[in-house]
Each structure stands twice: as structure tokens, then as C-alpha cells.
Amino acid sequence: MTEHSFYMERAIQLARRGTGFTNPNPLVGAVIVKDHRIIGEGWHARYGDLHAERNALKHCIEDPAGADIYVTLEPCCHHGKQPPCTEALVESGIRRVYIGSRDPNPLVSGKGVAFLREHGIEVFPDFLREKCDQLNPIFFRYITTKMPYTILKYAMTADGKIACAGGASKWVTGEAARNHVQQTRKRVAAICVGIGTVLADDPMLTCRCENPSQPVRVVLDTRLRIPMESKLVQTAGEVPVIVFCHDPDKEKKAALEQKGVTVLEAELLHQTDLESLLARYENLPVPKEHLHGRHISLRNCLEQLGQRGLDSILIEGGASIHAAALQEGCCDLVQVYVAPKLFGGDGLSPIGGMGITTPDQAVLLSAPTVTRLGQDLLLEYTRKESC
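Within each chain, residue numbers correspond to sequence positions counted from 1 in written order. Selection of residues for local features in this predicted model requires a pLDDT of at least 70, selection of side-chain atom pairs for listing and counting requires 80 or more, and totals for whole chains, interfaces and linings are taken over all residues. Remark: hydrogens and water are excluded; side-chain values derive from all non-hydrogen atoms of the structure.

Caption draft 1: Layout of the nonpolar core. Grouped together as the largest cluster of nonpolar side chains are 36 residues, with contacts concentrated most on Val218, Leu220, Ile242, Phe244, Leu305 and Val336. Note on contacts: a residue pair is in contact if any heavy atoms of the two residues lie within 4.5 Å. Residues in contact with Leu220, not counting those within four places in the same chain, are Cys192, Val193, Gly194, Ile195, Phe244, Ile296, Leu298, Cys301 and Ile321. Listed in part, the 24 residues of the second largest apolar core include Ala30, Leu57, Ala88 and Ile121. Residue types Ala, Val, Leu, Ile, Met, Phe, Trp, Tyr and Cys, when buried and joined through side-chain atoms within 4.5 Å, form a set referred to as a nonpolar core. The buried label applies to any residue whose accessible area, calculated with a 1.4 Å probe on protein chains only, is under 20% of its type's maximum; exposed applies above 50%, and partly exposed to all values in between.

Here it is, written out as C-alpha cells:
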């Protein structure tokens, strides 16, 4: 590892400390080096706080004039919650700037680099860019589309079952895998389930990490069936709950809102989409009547969440909502936790019926990233097409 790589790797480590606290801003770390010594470090610790560059300058142990700075993302050059970092770098006398990721934000993209060069600072963009880019898939997705980065997660046995025939599913995976799920919950702005999961399990959907920033809890509930006595409703005043429905009962809606639940109306799945799904089911031996019912559009729900500033969402529902995410193309990352267990053919599958009749209709995923978690494996796939 070169000296330059060492400093950028350190900046990446610092950036990760902001995980779960900076949304919808990116994770950014910065390291200031003078005479081959680190004289200042910083990261974006929380939304609204100092950006990484200004944080590093604030914590310098000596004058940074003539020093180099390694920063994981192109410095901002516009006024937001904080003033431009480019101005701070110029005023500090920094001599060279090593930049990892390019900022796709139209307010910054390329302008930060240009500003620094115009003021006599040497700039080295794209330094360890691939590693730096891995910090911010959520930010890159949201800043360019205003759609939340969507993670579809499930745990299954080695024979592809998420529960036994009777529905029992605790626990498919071991403690290490379950702890990793909590880290993902900490990372995202929202957690989403379908009403079926709420009725069956009455979950809390909170993050159990130490001192987490709790994600917003989201329920897809077309007919507004969520029980008033459910844990989600009873704790809505402590951790936000959003319920999406269509044409709700006014009294039920008012009662939920009185408890602190935000009730939003979502569009129904378009008729053309329903017809397409029905056509794909035509020759399959499965019930079709549920497709004739009223089903809200997951894509429309995500659009509304994006408009509310929620940049990421973890879908932890059952087979039906998993199928909906894939059918509507609303999935950026698929996380599959695989346990060394077998439930047999009468167990429950992780993805509901999608009407796929031939292999060439399959949803295509990337090659997986594989992580061992105790006795379990985590397979992470990106989807080749998303909303």
C-alpha cells in the first residue's frame, strides 16, 4: 500500500462512522497530512453538522497551510446546511487535494474540482474511487433520482425456504447474521413491510444497535387493516410510522393519526400492469383472483417517501411484498442470508408468484458479494434494472 492509499483508506474508515446519522447526506471522511504526518481528521458525523473537510480543519493540531487533504467525496461548492467546503480549503492554504468519489449532485458535480483548481490548488480526482464509491450507493441513487435506494432482504435455508410449512421462522439464521441485519437497519432511513407481516408477527421494526438513529417504519396496507393495538401504532409517538393505503375509512384514519401514525394514500397498481401480471399467470396452477383486487403501487409509495426526504428503505416483508418489489422494478440491492438448514418442499418460499414460465423471463442479478457470518452466508446482489 502506498502512502497516499494509506491516507485515503483512513478517510474511508472515518467516513463510515457517520453511518445511519447523515441521511440524506453522504458519508464523507477527510484526512489532512503535512510533512508525512496526519495533522487533522474529520468526518460528516450527523446531518446538519460540519462536513468532513471543515471538521478535519477544525481539529488540526497545527497550521494546515501547505498540507495535503484526502477526502472521499468531491468537496461541496454551494451553500446548504453548511457553507462550501471548497472555500474553507482555499482559505486554509491547503496545497493539494486527493478526491475519491465524484459528486453526482448537479450543484457540485465537477464544480468543486474546478473551483479548487481556479484558486491554485492541485487536485487529484478519482483516487481509490471504486472503494470510495462503495460508501455511498444510497446517496448516489437518491441525489440523481429522488427515489430511495431500496434493499430487499430475506433469510432462507439452504433449500430456499424462509419458514416452515406452519409459518414458523424464528430463527432461520444465527446470531451473527441477525446482528448484521441490525447494522443494515441502522444504515437506512426506513424499514418497510406489508400488512400481512404486521398481522402475523406484530413487529416493532426498530434498530437494536447501540444509540441508533431509528428508521421510519413503513407499512403497505391497501385497506387500512393495521390493528390499533399493534406495537407499531402504540409506539408511533416514539418512532415514526407511515401507513400507505387507498381510499381509507375516515374514522380509522383519524384514529391512527390521533396515535401519531402518518396515513398516506397511494395509487393503485395501474390496470395495464395488472393485465400484464394476469397474462403471465395464465398457464400457471395458482390462484389469480388476488390480482383482481386492489393493490397499491410500491413504486408510488417509494416516490412519496423520496419526496419526504427518505433516501433509503429496507424491505423486510414476506413473499408477496418481495414479489411486488421485483415486479415493479423497485429493488437496488438483494440481501440473501443463507443458513445451513433444510426445511423441505412444504416450507415457504422467499418470493411470491411472479408468473415466470421460462428461464429467459427471470429477474437478472449481478454476481454476488459473499460474506460469511458465523455459520451463515450473506449473498448480496445488485439488480441490473431498477426503478
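Caption draft 2: Just the packing of helix α3 (residues 85-92) against helix α4 (residues 111-118), in detail. All axes are obtained by fitting lines to C-alpha atoms, using only the stretch in contact for helices, and the reported angles, taken between N-to-C directions, cover 0 to 180 degrees. Numbering goes from the N terminus for both helices and strands, where a helix is a DSSP run of H or I of at least four residues and a strand is a run of E of at least two. Across the interface, α3 lies against α4 with an axial gap of 10 Å and an inter-helix angle of 20 degrees. When the interaxial angle is binned, α3 and α4 end up roughly parallel. Here α3 runs over α4; the crossing is right-handed. On α4, the residues touching Thr86, Glu87, Leu89 and Val90 of α3 are Gly112, Phe115 and Leu116. Within the contact of α3 with α4, the residues separate by chemical class into four nonpolar, two polar and one charged. Oblique is the label for any angle not under 35 degrees, not over 145, and not in the 65 to 115 range, which are roughly parallel, roughly antiparallel and roughly perpendicular in turn. Take the far helix as the reference: if the near one is turned anticlockwise from it by less than a right angle, the crossing is left-handed, and if turned clockwise, right-handed. Amino acids outside the nonpolar list (Ala, Val, Leu, Ile, Met, Phe, Trp, Tyr, Cys, Pro) and the charged list (Asp, Glu, Lys, Arg) are all regarded as polar, and Gly is one of them.

Caption draft 3: Focus on the packing of aromatic side chains. Pairing of aromatic rings covers Phe, Tyr and Trp, the last through its six-membered ring, and needs centres within 6.5 Å; plane angles under 30 degrees mean stacked, over 60 mean edge-to-face, and all others mean tilted. All chains considered together, the criterion is met by six aromatic pairs. Each ring, one from Tyr7 and one from Tyr70, has its centre 5.2 Å from the other, and the planes form 50 degrees; the classification is tilted. Pair noted here: Tyr7 is in helix α1 (residues 3-16) and Tyr70 is in strand β3 (residues 68-73), with a separation of 63 residues, a long-range link. Pair check on accessibility: Tyr7 and Tyr70 agree, each one buried. Considering the side-chain rings of Tyr98 and Phe127, the 5.7 Å spacing of their centres and the 70 degrees angle between planes classify their relative orientation as edge-to-face. On the criterion of sequence distance, the pair formed by Tyr98 in strand β4 (residues 96-101) and Phe127 in the loop between β5 (122-124) and α5 (129-133) is long-range, its members being 29 residues apart. An aromatic cluster is present here, built from Phe6, Tyr7, Tyr70, Tyr98, Phe124 and Phe127 joined pairwise through their rings. Charge-over-ring contacts are defined here by two conditions on Lys NZ or Arg CZ: a distance within 6 Å of the ring centre and an angle within 35 degrees of the ring normal. For Arg17, the ring lying beneath its charged end belongs to Trp43, and the centroid distance is 4.8 Å. The ring of Trp171 carries the charged tip of Arg178 above its face, separated from the ring centre by 4.5 Å.

Caption draft 4: A look at the sheet that holds strand β8 (residues 216-220). At least two bridges found by DSSP between two strands is the condition for calling them paired. Spatially, nine strands are ordered β10-β9-β8-β7-β11-β6-β12-β14-β13 in an open sheet, and the strand pairing comes out mixed. Because the sheet does not close on itself, it has two edges, and the strands there are β10 (262-265) and β13 (369-373). Averaged over all pairs of adjacent strands, the angle between strand axes in this sheet comes to 25 degrees, irrespective of strand direction.

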